Every structure is written in structure tokens, then in C-alpha cells.
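This is what each chain is made of:
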Amino acid sequence: MNETHSTSRRNFLRTAAAAAIGAPLILDNAFAALPARKLKHACIGVGGMGAHDLQNFKSHPNVEIVALCDVDENHLKQAAAIIPGARLYSDWRELLKKEKRNIDAVNVTVPDHNHFIIAMAAIDAGKHVYCQKPMCHDVAEVRILTRAAIEAGVVTQLGTQIASSIGDRTAVQWIKQGIIGKVKHAYLCSNRSGIAAYRLAGPRPEQGQPVPHTLDWDKWIGTAPMRPYAADIYHPAIWRAWQDFGTGWSGDIGCHIFDAVWKGLDMKSPLSVVAEVQQSWKDSPERRGDTWPQGNHITWMFPGNEKTASDVLPLEWFDGEFYPPEEVRALYKGGKYPEEAAMLIGTEGALLIPHGGTPVLLPESKFKDYKYPQLEERNHYHHFVDACLGNAQTESHFAQTGPMTEAILLGTVAIRVPGTLLEWDAAHMKFPNYPDAEQYLRRSYRKGWKVKG
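This structure is a prediction, so every number in the text was calculated from the model and none was measured.

Here is what the cut-offs are and how they apply
- Residues numbered from 1 in each chain as written.
- Predicted model: local features only at pLDDT ≥ 70, side-chain atom pairs only at ≥ 80, totals over all residues.
- Heavy atoms only, no water.
- pLDDT = per-residue confidence, 0-100.
- Contact = heavy atoms within 4.5 Å.
- Disulfide = S-S within 2.5 Å.
- Buried < 20%, exposed > 50% of the residue type's maximum accessible area, 1.4 Å probe, protein only.
- Pairing = 2+ DSSP bridges.
- Helix = DSSP H or I, 4+ residues; strand = E, 2+ residues; numbered from the N terminus.
- Axes fitted to C-alpha atoms, helices over the stretch in contact; angles between N-to-C directions.

Participant: Please set out the confidence of the model for the protein chain residue by residue, giving values where relevant.
Facilitator: For the protein chain, the average pLDDT comes to 92, and 92% of its residues sit at 70 or higher. Confidence drops under pLDDT 50 across residues 1–34; counting only partners more than four residues distant or on other chains, this segment forms 76 contacts.

Participant: Give me the state of the cysteines: which residues, what numbers.
Facilitator: Counted by the stated rule, this structure contains zero disulfides. Its sulfur unpaired, C69 is 10 Å from the next cysteine sulfur, which belongs to C43. Using a relative accessible area of 3% as the deciding quantity, one classes C69 as buried. C255 takes part in no disulfide bond, and the closest cysteine sulfur, belonging to C131, lies 9.9 Å away. A relative accessible area of 0% means that C255 is categorised as buried.

Participant: Pulling in residues and values, what's your account of the sheet that holds strand β5 (residues 128–131)?
Facilitator: Judged by pairing direction, the sheet is parallel, and its six strands sit side by side in the order β3-β2-β1-β4-β5-β6 without closing on themselves. Edge positions in the sheet fall to β3 (87–89) and β6 (156–158), since each of these pairs with one other strand and no more. Strand-to-strand twist of the sheet, defined as the mean angle between neighbouring strand axes without regard to direction, takes the value 20°. Where strand β1 (residues 39–44) lies against strand β2 (residues 63–69), six bridges are found, and the strand directions are parallel. Paired with H41 across the bridge in β2 is I65. Sheet contacts for helix α2 (residues 49–58): β1, β2, β4 (105–108) and β5; angle to β2, the most-contacted strand, approximately 155°. Those strands touched by helix α3 (residues 73–82) are β2 and β3, and its axis lies near 160° from that of β2.

Below is the structure:
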């Protein structure tokens, strides 16, 4: 890239970001493209979803994975066998320090509570960042990270892989075209079966257990308050159930289900949010202070625009024991209603967007002759790599997914004060009618894990 153009582009981004201080950033993605060569990449977190991410980056012909990092020695050994010769680290801070001149990009695939600190350090080092969803654990973290990415001019991508699918991209196109008319209401759900292990009710064990010699528990805890290790309830994947580490089911899967709706309707920050939760969780002070409920019904009111039927758009989320209204599910005549989906109700019809599936215009008899657009297949990870190399624009860059993630995480704040309508002042990041809830917008990091600013 021409150096003058690159500098000018970064200056523009900084100016735009400064102009948006106090309000969510809705800006086009931009990137400082690399010369036409292989992208030197580091994988931070290589177990579970991290192993999936590693394989996808490895499969791009123009990627060279040069470094691997994980706090679990077993995961690191497995990844090292896949990428022989990669330099190995148990501490991401050491990786970024020693590999600063050797890498162009990183992926951050660790528990939610450590997303921000790692991604922020990588951006500060001028590295492109692919980060698993949700972008961060807290609303305040998302706001800071979004601005930092834009000001730095790096390429970013949130791990909402389905956003790059033909199905979701078709849905976005149809929404923007107004095929179902003006949108009146949106219903989102994730009622996935077989996930009881990810919805722990608690409590924590009264006593901890010895930490496996292969796991660095202190680094795994990272920014969160220290607690004793216990097997099978935190690492490697059950951490989502705990408030210290995860953001609950809505915070995790919500990023997938929201995406096409958010982009298609050009949505902005919500006006308010309120949550109904599982009664047994609501009645238990111990659970409310430690775990997430096993079922939620969250309602946001978003400002309307030219794509909506009124000046406000109600959007509802259902998971666990809460389901979209029967009359909404009944609109789909093609069999069982999808466990995970978005349904938009418009003035001229409805649009069902199954998670990972093909969108359906309803009633099907009315739209039976409507043609699907011809879209090319796309790999979400490869698209990020292509953008880093100057050949694409990412589908889920932070300028777009940051404000969306903020809205989703406001839902997790509402969960913690169930039944309370929270009016949201996005510019000042406050709940004017209920300031007590503002304590859930940010955390205090554990000593030794502070971040400047």
C-alpha cells in the first residue's frame, strides 16, 4: 500500500473516531494492507474452538502460522503437532513481546473475560485481530476496543462465522431490499437442545482441587477474580455458565442470531432493554451472584428508521425455557420451528432466518417464485486473511460488530436486574432511570492484569 495513502487513511479514521466519542461507532472497516506475501499469524488459544480456528487459518494458502499459545500444555502439544516448527508459548504477553516483529495478525480464542486484554494489546502492537464472539465480556471493554481498532487502522473480524454464509448474506440482502415491507417486530431465539453442560446452575464446590500440572490456572483466570480450580466446571468449555468468565447463552449465541438482522436493518444503539429470567435463578441470591440463568427473555426497543414500520423497533430474544410466541412460530409451515433463528415480521410478509440455514420468505405461497440471489461461497477466516493482504473487506469488522455486541451485552446487564426497564443513554454510557445497573457495564481487573485506560 502506498505509504502516503496509508497514513492519510489512518488520520481519517482517527478523526472519525474522535468525532464519535461518547457514541457508538458505526464506521466502514478499513485496513492497512500488507504487501502481496504470506500473512504471518499467531494463534492465541488452540483448544476447543481454538483448534477449529487454527485449522481454518492453516487451510489458507497465504497464511504461515509461526506461533502458538495456550495455557493448557495438552492443547499446545496437539496444536504443535499440526503446525510443526511453530514457536510455542503459554503466556500471550510473552508471545506479543517476542514475536512483535515476526507476526502480522493474531486470533484470540480464549474465554470471554480475557478477550479484551489480549485483543487490545495486539491492536496496540499494530496487529490485525480475529476475535471470537462476543468481542468482550463487558460493554465498556467493547466501546474501548472498537475505537482502538478503528484508530489503529488494523483489520478486524469477529468470530461470527455464519455471517459469511450464503444464507445470512442472502437474508441481509433481502432485508435491505424491503421484500417483506417495513419491519414491525423481530423475534430471535436460541433454544438449542443438548446443552445442559453449558448451563450449570452451580454452586461452586466448597473446596478446590489440585490444578493439573499441564494447566497454568493463574493465566487462565487472567483478569477475573481468583478462585480455586475445580475439574469439569470451568476448563475447557463450561466457563460460559459463570459470570466471572462468560456472558451466558445470549451473550454468546446472540452475536450469531443478531448479525443479519442488525446489518440488514442498519440498527443503532437501543433505547431501552428489559429482561425476564428463569424464576429459580431469580429467587436464588447465590446463583444470581455467580452463574447465568438457564433461560432468558430479553426485550430491546431500538430506534426505527426508513426500514421499520414505526419510530421504534421491538426486538425480543428467547432462550432456555422461553420460546417465541406460538403465533410467530406458526407462521412457518415447513416443519418444526428452528431451534435457533431470527424471525422478522414485516408489513408485507415475514422472513425466517435459521441459524446456519437458508432464509425463508413467508408466507411461502406468496413468495414461491422469488429467486435467491447468486452469491459465492465464502470462508469467514479466509476473508479475514484476504483483507489483511489487501484483497477484501471483512464481513464482521469491529466498527460494525462493536455496536452490535454492546447492544447484546446490555441484555446481559438487564438479566442481572430482572424485571427492570433500563433506559440507555449510549452517548454517556448510562442508565438515567436506574444508575445502580451501571456497575455491570465494566469490571475491576485482578491485580497484575490492569490495562492502561
